[in-house]
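Examination of the molecular architecture
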Amino acid sequence: MSFFRMKKVVMNSLFKKPATRMYPVIPREFTSVTRGHVEMEDPEGCLACGICAKRCPADAIRVDKSKGVWEIARMQCIQCNSCVETCPKHVLVMHAEYTTPDPEKKVDTYQLHHTEPKVAQVGDFDPQMETGDAGLVCDKESCVFCGLCARNCPAEAIRVDRAEKLWEVDKDACMKCGLCIEKCPKKCLTF
Amino acid sequence: MSEAKYAIQNFELLDLLELIPKVRSLKEEGYRLVQACATRSADGTITVIYSFDLDHVLYNFKVIVPENLEMQSITDSYWSAFIYENEMRDLFGIRFHHLALDYGGHFFKVAMPRPWNPEVVQEEEKAPEAAPEERRLTREEMLEIMGSEVEE
Amino acid sequence: MGKRTIIPFGPQHPVLPEPVHLDLVLEDETVVDVIPSIGYVHRGLEKLTEVKEYTEMVYVIERVCGICSFGHGWGASAAIEGAMGIEVPERALYLRTIWHELSRIHSHLLWLGLLADAFGFDSLFMHCWRLREKVLDLFEKTTGGRVIFSVCKVGGVRKDVDSATLREIVEVLKGMAPEIRELADVFMNDSSVLNRMVGVGVLTKEEAVELGAVGPVARGSGLRQDMRLNGMGVYDRLGFEPIVEEAGDCEARCKVRIREIFQSIELIEKAAMDMPDGPIAAQVRGNVEGEFALRIEQPRGEAFYYTKGVGTKFLERMRVRTPTNQNLPSLVKMLKGCDFADVPIMVLTIDPCVSCTER
């Protein structure tokens, strides 16, 4: 009995296609959702707000706003996709190809061309944001306290209470990314 | 889903003196030790949480560790607690008396001593250790005794 | 009394890729005493919770283990959800259950392969891992990761699985079942395999209770103990009943795992059929305050999570107790009195994940 069983296995193995691939010759096929490595797709559009670095559970990302540098430590990155999800400007993209092995701990640096205050492209907020003296303000006259700004704030710096007609911003937490200004239906927010 | 068994949260605060009697009575009732761990709150108090299981329901109780960081081991009743107690010794510096298998603070190889409680200087760092009276052999001692016969 | 010898076993040992060290005290060829030592790879992940936001911490906690990673993500999220009182949407619970059971299949197949490797049956090892690869491909297709999924988050899951993919998962698993049955036949009926496992490393029911054995080790000793019974996920709706074997030896533990693979396939099939529509994640706002303890049944046994928040973005304590932690005492008990040549097999049948033990 066991002889026939064994024969079946042997015959199957003889004629079946191998389960493995000729690795370097035939490359691996990735799926559309494979998380391989993070790429800074559009250094021009990056605000250097640092939310990605704050959200990174592995401390792999470092953002230097004054120098206009965005860095990722490749070996430290755990491909959790947190930075890609939180980026308010969607300049980070997850690619399918894995990072290549390396004898050294590689750090990829991107220059953001942010060294001097850049003219803002989003909504109608002021380049003054770079100097940081004017925080986010809300024109309470036209505000309807819908809370859309708070819900979209990646830094969770805004608190809105409709019942109490309250609009508050935590100026330390605010990254000045301008996302709330974009989303505001009444256009009552300004920097 | 609040009626689900996992959502039942029993937390009870016990006095240090009640610990051993309580553990013994739980043992008699057929409870199984799930885990023991220590937590440290912002004000520096260290609490040990013991968790037990009976029929898929958790029962936890907490004991506040005294300032001298010395406690009674529960390995008399639950031998398997030696892992948790040695772990707490390494991470928090809590010393357990009558521990069945004492690694003497060398259970985990950590980068810094007692990561949750680094301020405390422990006995063995001040002076070479005087062997506590009631204790079974540590691994090192065992190896030493066996040393003459070791063949490799 | 024969001559006593101490044989050091590990931390580097060909049979298991994990750093556990055992001092085996032998009398002739019989093990009379064992002192386990772990702690070679302590990573301090529990300490890391104090400086990482709880929402991101889940992705770190997942990395406690490379095999039961989904379970760790689920356990950590569920503990935080419990402390915050978040109600997770139905669909997310179903998806979590499916992924968790998939990782059980993958873990058990991996373990079967390692077991075959431990008793020197290498072609069997290759076949087990060949099948496991299909499960990994399913993971990659649905979550984007092969081993670490980062798909479970506080409040729900991050990715939805459409019904076509669900059907495909069921199809692939159904296609795998006959192949796994072929392998299971070797494990359960081949005399060379049975010679190594039957009657080896017996752990009686009483000892299992006494030493707090969990997971397949406990179930192999006749304990009806499975955390899937306590209301996590949707197991109660799938008519789940744990698999129990009475013998308590290595073969019983092996049988439990083999039968669990088939059970998991059935569970996934049922879950995919009843999957409700709806959102996959609940809103998460605010900070964690309060404490919560829960357990979850991982492929290796019960894992314990305790979380305590004090109203800040960071948790004050996140405790993860992995199944191997609890099975080590049982291992020590099993090893006493066994034959020296059987030590590797016994170490393997508790399915040790030593690195998990040292968060």
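Residues numbered from 1 in each chain as written. Chains lettered and ligands numbered in written order. Predicted model: local features only at pLDDT ≥ 70, side-chain atom pairs only at ≥ 80, totals over all residues. Heavy atoms only, no water.

Here we come to the overall build of chain A. Scanning chain A from terminus to terminus reveals 5 helices and 9 strands. Ordering the α and β elements of chain A from the N terminus gives α-β-α-β-β-α-β-β-β-α-β-β-α-β. The proportion of buried residues among the 191 residues of chain A is 40%. In the form shown here, chain A has an accessible surface area of approximately 11800 Å², with 54% of it arising from carbon and sulfur atoms. (Helix = DSSP H or I, 4+ residues; strand = E, 2+ residues; numbered from the N terminus. Buried < 20%, exposed > 50% of the residue type's maximum accessible area, 1.4 Å probe, protein only. Areas by Shrake-Rupley, 256 points an atom, 1.4 Å probe, with all protein chains shown as cover.)

Glancing now at the interface of chain B and chain C. For an interface, size is often stated in terms of accessible area lost upon the parts coming together. Every contact between the two is made by 51 residues of chain B and, on the other side, 56 residues of chain C. Across the chain B to chain C interface the summed buried area is about 4600 Å²; carbon plus sulfur atoms make up 58%. Linking chain B with chain C are 5 salt bridges. Among the salt bridges present, the one from C:Glu302 reaches B:Arg32, with a minimum N-O distance of 2.6 Å. At the boundary of chain B and chain C, one finds 14 residue pairs in polar contact (both at pLDDT 80 or more). Elements represented by at least two residues in the side of chain B that touches chain C include exactly strand E2 (32-40), strand E3 (46-54), strand E4 (57-64), helix H2 (82-92) and helix H4 (139-146) of chain B. In terms of residue count, E2(B) provides more of the side of chain B that touches chain C than any other element does, 9 residues in total. (Contact = heavy atoms within 4.5 Å. Buried area = accessible area lost by both parts, 1.4 Å probe. Salt bridge = Lys/Arg side-chain N within 4 Å of Asp/Glu carboxyl O. Polar contact = N/O pair within 3.5 Å; in protein donor to acceptor, adjacent residues only side chain to side chain.)

If you look at the interface, chain A gives 25 residues, while chain C gives 23 residues. With both chains or domains summed, chain A and chain C bury close to 2100 Å², and 38% of this area falls on carbon and sulfur atoms. If you sort the residues of chain A by the area they bury against chain C, A:Val33, A:Arg35 and A:Pro57 come out on top, with a joint share of 26%. Linking chain A with chain C are 5 salt bridges, by the criterion used here. Across the salt bridge formed by C:Glu182 and A:Lys8, the nearest N and O atoms sit 3.5 Å from each other. Linking chain A with chain C are 11 residue pairs in polar contact (both at pLDDT 80 or more), by the criterion used here. At the level of secondary structure, the elements contributing two or more residues to the side of chain A that touches chain C comprise helix H1 (2-15), helix H2 (51-55), helix H3 (82-86) and helix H4 (148-152) of chain A. In the side of chain A that touches chain C, the residues fall into 9 nonpolar, 5 polar and 11 charged. (Nonpolar A, V, L, I, M, F, W, Y, C, P; charged D, E, K, R; others polar.)

Residue and element names in this part refer to chain A. What the domain assignment lists for chain A is domain 1 (33-115) and domain 2 (127-190). Spacing between the C-alpha centres of domain 1 and domain 2 amounts to 26 Å. Contacts between domain 1 and domain 2 engage 9 residues on the former and 8 residues on the latter. For the pair domain 1 and domain 2, the summed buried surface comes to about 800 Å²; carbon and sulfur atoms form 57% of the total. The interface formed by domain 1 and domain 2 contains 0 salt bridges. Taken together, the links from domain 1 to domain 2 amount to 0 residue pairs in polar contact (both at pLDDT 80 or more). Top contributing element to the side of domain 1 that touches domain 2 by residue count: H2, with 3 residues. Class assignment for the residues of the side of domain 1 that touches domain 2 results in 4 nonpolar, 1 polar and 4 charged. (Domains from an automatic or database assignment.)

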